[in-house]
Amino acid sequence: MIKDTWKFQPFTEEPIRLIDEEGNWIADFPLDLKEEALKKLYRDMVRGRLLDERYQIILRQGKTSFVAPSSGHEAAQAGMAMAIRPGFDWLFPYYRDKTLLAAIGYPVEMLYAQMMATRLDPNKGRQMPEHPGLKELNVYTVASPIASHVPPAVGAAISMKIQGTGQVVITTFGDGATSEGDWHAALNFAGAQGAPIVFAAENNRYAISVNFEKQSGSPRISDKAHAYGFPGYHVDGMDVLASYYVAKEAIERAREGLGPSLVEFLVYRYGPHSSADDDRVYRSREEVEFWKKKDPIPRFERFLEKRGLWTPEEGERLREEIKAELLAAEEKAEAAGEVPPEWMFDDVYGTPYWLLEEQRQILLSEL
Amino acid sequence: MIKDTWKFQPFTEEPIRLIDEEGNWIADFPLDLKEEALKKLYRDMVRGRLLDERYQIILRQGKTSFVAPSSGHEAAQAGMAMAIRPGFDWLFPYYRDKTLLAAIGYPVEMLYAQMMATRLDPNKGRQMPEHPGLKELNVYTVASPIASHVPPAVGAAISMKIQGTGQVVITTFGDGATSEGDWHAALNFAGAQGAPIVFAAENNRYAISVNFEKQSGSPRISDKAHAYGFPGYHVDGMDVLASYYVAKEAIERAREGLGPSLVEFLVYRYGPHSSADDDRVYRSREEVEFWKKKDPIPRFERFLEKRGLWTPEEGERLREEIKAELLAAEEKAEAAGEVPPEWMFDDVYGTPYWLLEEQRQILLSEL
Amino acid sequence: MAVLNIVQAVKRALDEEMARDERVVVLGEDVGKRGGVFLATEGLYQKYGPDRVIDTPLAEAAIIGAAVGMAAHGLRPVAEIQFADYVFPGFDQLVSQGAKLRYRSGGQFSAPMVVRMPSGGGVKGGHHHSQSPEAYFAHTAGLKVVVPSTPTDTLGLLKSAIRDDDPVVFMEPKRLYRAIKEEVPDEEFTIPLGKARIRREGKDITLIAYGGPTVEALEAAEELEKAGVSAEVVDLRSLVPWDKEAVLESVAKTGRALVIAEAPRTASFASEVAATIMEELLDQLLAPVYRVTGFDTPYPYVPDRQYMPTVTRILNFAKKALDY
Amino acid sequence: MAVLNIVQAVKRALDEEMARDERVVVLGEDVGKRGGVFLATEGLYQKYGPDRVIDTPLAEAAIIGAAVGMAAHGLRPVAEIQFADYVFPGFDQLVSQGAKLRYRSGGQFSAPMVVRMPSGGGVKGGHHHSQSPEAYFAHTAGLKVVVPSTPTDTLGLLKSAIRDDDPVVFMEPKRLYRAIKEEVPDEEFTIPLGKARIRREGKDITLIAYGGPTVEALEAAEELEKAGVSAEVVDLRSLVPWDKEAVLESVAKTGRALVIAEAPRTASFASEVAATIMEELLDQLLAPVYRVTGFDTPYPYVPDRQYMPTVTRILNFAKKALDY
Ligand SMILES: Cc1ncc(C[n+]2csc(CCOP(=O)(O)OP(=O)(O)O)c2C)c(N)n1
Ligand SMILES: Cc1ncc(C[n+]2csc(CCOP(=O)(O)OP(=O)(O)O)c2C)c(N)n1
Ligand SMILES: [Mg+2]
Ligand SMILES: [Mg+2]
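Visitor: For this particular structure, what's the right way to read helix α12 (residues 354-366) of chain B?
Guide: Every α-helical turn comprises 3.6 residues, leaving residues that sit three or four positions apart pointing alike. Over its 13 residues, α12 of chain B runs 19 Å from end to end, which matches the ideal 18 Å to within 8%, given 1.5 Å per residue. Buried within α12 of chain B are the following residues: Leu355, Leu356, Gln359, Arg360, Leu363 and Glu366 of chain B. Down the axis of α12 of chain B, the sector holding all buried residues measures 135 degrees, keeping them to one side. Contact partners of the buried residues in α12 of chain B: β14 (290-294) and α11 (311-323) of chain C.

Visitor: Even after reading the chapter, I still don't get the coordination of the magnesium ion (ligand 4), so can you show me in this structure?
Guide: For a metal with four tetrahedral donors the ideal donor-metal-donor angle is 109.5 degrees, while six octahedral donors give ideal angles of 90 or 180 degrees. Residues and elements named next belong to chain B. Only Asp175 (OD), Asn204 (OD1) and Tyr206 (O) from the protein coordinate the magnesium ion (ligand 4), and they sit 2.0 Å from it. One chain supplies every donor to the magnesium ion (ligand 4), and in sequence these donors are spaced D-x28-N-x1-Y. You can call Tyr206 buried: its relative accessible area is 8%.

Visitor: Please explain the interface of chain D and chain C as it appears in this structure.
Guide: The figure often quoted for interface size is the accessible area lost as the parts come together. Across the contact, 46 residues belong to chain D and 46 residues belong to chain C. Summed over both partners, the interface of chain D with chain C buries about 4,300 Å², with 63% contributed by carbon and sulfur atoms. Along the contact surface separating chain D from chain C lie 6 salt bridges. Across the pair Arg291 of chain C and Glu272 of chain D runs a salt bridge, and its minimum N-O distance is 3.0 Å. Counting the contacts that link chain D with chain C gives 18 residue pairs in polar contact (both at pLDDT 80 or more).

Visitor: For this particular structure, what's the right way to read the pattern of salt bridges?
Guide: Where charged atoms of side chains with opposite charge meet at close range, the side chains can pair. Summed over all chains, the structure comprises 126 salt bridges over all chains. In this structure, Asp236 of chain A engages Arg299 of chain A in a salt bridge whose closest nitrogen and oxygen atoms are separated by 2.9 Å. Remark: Arg299 of chain A occurs in helix α10 (residues 296-306) and Asp236 of chain A occurs in strand β6 (residues 232-236); sequence separation between them is 63 residues. In this structure Arg299 of chain A comes out as buried when scored by relative accessible area, which is 1%. Of the charged contacts in the structure, one is a salt bridge between Glu279 of chain D and Arg291 of chain C, with a shortest N-O distance of 3.1 Å. With Glu279 of chain D in helix α10 (residues 269-281) and Arg291 of chain C in strand β14, this pair bridges two chains. Overall, the relative accessible area of 13% leaves Glu279 of chain D in the buried class. For Arg291 of chain C, a relative accessible area of 4% corresponds to the buried category.

Visitor: Explanation requested: the sheet that holds strand β6 (residues 144-146) of chain D in the structure shown.
Guide: Paired through backbone hydrogen bonds, the strands of a sheet run either parallel or antiparallel to each other. All names here are of chain D. Sheet architecture is open: 7 strands sit in the order β3-β2-β4-β5-β7-β6-β12, paired in mixed fashion. In this open sheet, the two edge strands, each paired with only one partner strand, are β3 (53-55) and β12 (238-240). Neighbouring strand axes in the sheet, compared pairwise and without regard to direction, differ in orientation by 20 degrees on average. Bridging between strand β2 (residues 24-28) and strand β4 (residues 76-80) involves 5 bridges; their strand directions are parallel. Among the inter-strand pairings, Val25 is bridged to a residue of β4, identified as Pro77.

About the cut-offs
- Residues numbered from 1 in each chain as written.
- Chains lettered and ligands numbered in written order.
- Predicted model: local features only at pLDDT ≥ 70, side-chain atom pairs only at ≥ 80, totals over all residues.
- Heavy atoms only, no water.
- Helix = DSSP H or I, 4+ residues; strand = E, 2+ residues; numbered from the N terminus.
- Expected span 1.5 Å × (residues − 1).
- Buried < 20%, exposed > 50% of the residue type's maximum accessible area, 1.4 Å probe, protein only.
- Arc of directions from axis to C-beta.
- Contact = heavy atoms within 4.5 Å.
- Donors = N, O, S within 2.8 Å, 3.2 Å for Na, K, Ca; no water.
- Buried area = accessible area lost by both parts, 1.4 Å probe.
- Salt bridge = Lys/Arg side-chain N within 4 Å of Asp/Glu carboxyl O.
- Polar contact = N/O pair within 3.5 Å; in protein donor to acceptor, adjacent residues only side chain to side chain.
- Pairing = 2+ DSSP bridges.
- Axes fitted to C-alpha atoms, helices over the stretch in contact; angles between N-to-C directions.

Structure (structure tokens):
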């Protein structure tokens with residue numbers, strides 16, 4: 001099934017890498033991205049990082065109740081984002097995907113609105129923070145139960161195939177998700193049906209405190225694709241270009257009718273699992289520092305710098321510009337005001353029935 | 001992890017086979033089984049076949065309500081049975097394992113008693129036919145939900161490891177089971193823990209009517225072991241010696257602390273899925289005939305014959321002897337009499353509570 | 001008017017809806033060539049092809065989960081779970097994804113889908129081919145739950161369920177599949193979800209049932225009539241939403257009620273109905289509302305029928321209510 | 001006497017039982033080095049090692065299913081489900097394997113295990129960190145269900161659950177984990193499953209609650225006292241088996257009752273209790289038994305507290321009962 005025009009081999013032992021730590025292009029094919037695209041990748045990563053930092057601040061300010069740090073995941077997410085056709089393809093993300101969502105055009109004020117449960121959240125403040133979703137952009141609303149979005153993602157992909165729409169589904173999840181039964185049932189069905197879908201594992205090596213060795217006997221997530229009869233790619237997810245090119249190839253394969261692939265992006269989460277976690281209990285500071293040295297943003301800066309596309313000053317300017325954007329978005333989101341309590345009775349069903357009306361009255365009598 | 005003293009390679013494309021269709025020994029190691037053992041394998045297969053045939057008769061006689069035909073699975077099951085230490089190792093079987101159970105010493109009258117829900121069934125007639133279980137022999141009572149016994153099997157294996165008992169778990173299931181989420185969750189946990197367990201797939205290529213191609217994109221079940229980091233063996237399950245030797249090696253590996261393996265036995269089911277099924281709707285008679293030519297029993301007869309261990313007359317004599325045994329068992333089971341209705345209130349809990357007592361009185365007042 | 005049994009009514013409903021709306025697809029184990037193990041999808045594969053009648057792997061999480069995604073993407077999937085007892089591997093998909101999709105997305109996404117499942121006992125299936133798990137669904141906000149008991153209702157309700165904009169669990173009493181035949185109008189019709197049906201009018205006691213035990217309720221009503229007691233039989237048909245109005249109206253009239261269902265009693269839908277009636281009609285009741293249900297044990301193989309509310313049991317409780 | 005909160009009581013119960021019986025093992029996500037996300041297993045990994053405190057993969061089916069097998073093989077596993085909302089991927093293992101093992105094997109095998117899970121709302125967790133799924137378990141024959149609401153009860157009941165010969169679902173009201181502290185006897189003790197506890201005596205109305213809302217029930221009782229109404233508060237503690245006797249005794253005395261719980265109302269355990277009381281005490285009731293429950297919606301993020309029975313809501317219903 002592997003056309004020889006495809007760039008990448010599945011099931012490699014070593015992660016696919018296109019730029020080295022020093023920022024050199026080390027691929028065996030020529031870089032065919034325009035300056036604009038390279039800059040977009042960079043900008044998307046930086047925005048993701050800054051947004052993550054801002055979330056910590058609104059958390060401390062009590063404007064939100066929960067954050068899922070995503071710093072360290074930016075390259076994989078920005079790479080994927082550029083490989084997608086936003087608003088055409090469907091995305092089934094998980095809770096750590098803020099870089100990805102912002103990069104495909106999810107309005108940042110709506111991300112904030114979800115974080116703060118204000119009226120600007122198209123999801124009407126129904127869920128805890130870090131659970132965005134936007135129909136307009138085909139972003140399926142995040143659900144907390146790990147891996148539970150993967151079977152629906154497969155269903156959407158099968159629907160695309162049945163209807164011949166030419167769309168592709170991309171679904172992301174962590175390493176932990178691969179242990180769930182729902183995950184397996186989904187990938188297996190996708191494999192049997194050759195559905196147009198890319199399964200993207202953001203492998204940060206931990207499911208909260210449980211390291212990958214305790215999660216699975218297999219050395220690599222990509223190997224798990226053997227079970228389903230489709231390719232599994234093992235990718236350096238701190239390399240934004242490797243992330244982009246492999247995601248693109250996997251999406252193209254799906255679009256051409258060659259079926260699913262599993263892409264494992266090796267990343268690291270610099271922060272704790274969430275604002276409710278203390279990661280010092282289960283991993284050493286040395287380990288975190290080791291990975292900080294591999295930060296995908298400076299690595300890509302070195303790459304850009306070598307090509308004359310980046311200077312420290314330009315970098316600083318960009319950061320300031322993005323910070324201002326984020327602040328404006330935050331203010332806009334906040335200004336919308338908190339979701340009112342009585343909204344809780346809407347959208348249980350398309351049309352509510354008598355019991356919900358009775359109960360709405362109970363609540364209203366208490367307000 | 002593969003010691004070079006092990007006989008078999010995992011992940012072969014072709015099934016492991018030790019005797020060919022003509023009954024020639026074609027392995028690259030010498031046969032080291034005594035005559036007695038070879039005869040046991042043969043006897044176990046024949047008993048399984050005859051029992052399956054007898055079940056059809058008690059079904060027609062209305063003595064049971066359901067049969068799951070197992071003809072075609074005998075070699076894999078008899079092979080496994082001889083590799084197990086009965087009453088020491090634990091077996092988590094599925095509903096199509098009558099050859100296996102009889103071969104490890106499950107009293108045939110108790111199998112019949114389960115089929116007919118008589119008082120001789122240690123499971124007290126609580127379940128439909130083909131759901132045996134016997135604590136004394138460490139045979140975990142069959143449950144209908146496909147693959148649902150696999151996580152408990154892993155739990156028992158982990159318990160053995162924790163307690164250092166030296167026991168091994170063998171669990172069997174069909175090809176269909178490999179699609180279930182519970183199956184994956186179980187194998188993955190076993191892999192992560194290196195539990196002493198053998199996962200034995202009796203791949204008859206159909207889950208009722210759904211052929212393996214529609215079940216999974218992977219060409220082989222054995223390949224699925226890649227996902228869990230342990231070996232997967234692809235075995236000709238119509239070859240009783242291949243079945244025995246591979247099962248034995250997998251069990252030895254588990255006993256030595258090398259962790260789980262997945263063994264795929266390629267078999268065929270000659271009958272319909274169950275007495276409620278009509279397989280002509282979904283598979284051709286030619287296909288069934290093709291597989292009947294590969295019947296594991298005549299194949300092993302040719303093998304034995306070449307070694308002077310079998311003649312048609314001896315075969316006939318053995319059949320008659322077994323038939324008489326089965327008939328005696330059937331009579332004994334039947335004579336025990338049907339399970340009484342009020343037993344239904346026992347064993348919900350170790351000690352019943354007030355609600356069950358109230359309800360028992362309701363039933364008794366109606367009898 | 002054709003005479004149909006319940007399984008034929010299911011088939012006709014699927015066929016009509018598939019012909020009417022090409023977004024309707026059927027998926028499940030053995031629904032293709034095999035036509036389903038109860039033959040409820042017989043012939044559909046041949047008529048509509050493998051893209052609309054999809055044989056799935058043996059994985060209920062994949063079936064229900066994929067249906068959610070298909071529905072979100074614009075199809076109208078009808079998933080078959082081979083037996084209601086096998087919904088549990090797909091339970092997370094049903095309750096965490098399907099039931100809550102509209103809610104958690106603020107109404108942006110929805111899951112207009114049906115999950116059909118043969119349910120209930122009386123087929124000598126032991127505890128994994130006989131359960132009646134409707135309470136689990138009814139307790140889950142976001143799901144609708146329908147349990148017909150006649151061919152006509154099956155046809156009309158299944159069509160409504162397929163057209164409904166929310167996930168509907170459609171439970172078919174398998175022991176009635178071929179046991180009940182009746183003339184069904186040839187022209188197209190639907191029956192709205194949420195409406196009970198008075199199966200028999202009466203004035204002394206109301207027997208409220210749904211699904212399989214509706215049959216025993218009707219039989220018990222006939223027995224009662226012989227004893228000079230006039231029993232009204234209300235077939236709920238829909239559990240979520242359920243027709244509280246019709247139930248209260250009947251019980252307000254009779255002053256006595258039994259709620260009859262096969263599932264175990266504790267935290268059952270029968271308990272819901274009984275609690276609601278007693279809460280709302282306390283002063284008008286001439287006797288407590290008794291629940292005549294399956295027992296709080298797993299469903300046994302022996303005995304098969306006596307686990308469920310038998311006519312005898314219904315009559316015993318009716319007597320208790322009448323003598324109160 | 002040490003002052004403990006509920007999460008400390010859980011930890012002490014686990015520690016004491018692990019020390020007493022080496023068959024007791026703990027397994028679940030993050031229960032090892034991390035000590036559980038609520039720190040209920042803190043220190044156990046360090047004390048008892050990785051063979052008895054097992055970090056599992058992120059798979060509830062593996063956790064619950066493996067616990068069943070461990071129990072059948074002779075261990076006494078205590079499984080932790082990180083949030084009650086995440087039991088559903090393991091639901092099949094719980095209801096099809098765990099609950100029915102003793103039954104289907106005719107008593108040959110059993111599954112003496114505990115499945116602990118933090119449950120209920122009030123922690124701004126939205127609908128997947130706030131649910132109270134006890135009705136699903138209570139409806140499943142073969143499972144026992146325990147929901148404590150104080151440190152002392154948690155300690156005594158969890159120890160009994162671990163020693164029990166059947167699978168026990170042990171639901172810990174997470175919003176009370178650190179909110180309630182009390183002196184707990186230093187010597188060992190257990191509290192039998194199936195016994196309610198009268199948290200406050202009274203004679204005008206009985207407030208029946210369990211888990212989280214016990215707190216609001218007690219607060220409401222104080223408010224009522226200010227208004228001259230004497231309310232008795234019954235904390236059920238065990239749902240299966242539940243203490244019908246204690247409940248009926250109290251309501252027979254007061255003539256009025258509210259059943260208070262956080263879960264949605266339809267087919268809930270609150271409905272079970274309400275139906276039973278009204279069935280058995282019809283003539284002694286001065287008012288209907290009202291259910292004061294969570295709403296039949298998924299648990300929302302906004303509002304968080306008002307989804308649950310608030311003190312105001314309890315008082316409104318108490319007034320309704322008293323004015324009836
Ligand atoms: C079904 C389920 N079980 C448990 C949890 C609790 N939980 C939330 S995140 C998490 C770890 C997820 O790890 P991983 O999939 O690797 O993603 P990461 O957070 O590392 O990006 C767990 C156990 C959950 N949300 N859903
Ligand atoms: C969870 C679950 N879903 C569906 C069924 C219904 N069912 C019984 S057997 C079967 C097919 C099993 O196929 P396979 O695992 O290949 O075993 P085989 O019968 O071929 O030996 C199905 C779908 C079931 N028992 N359990
Ligand atoms: Mg992770
Ligand atoms: Mg099969």
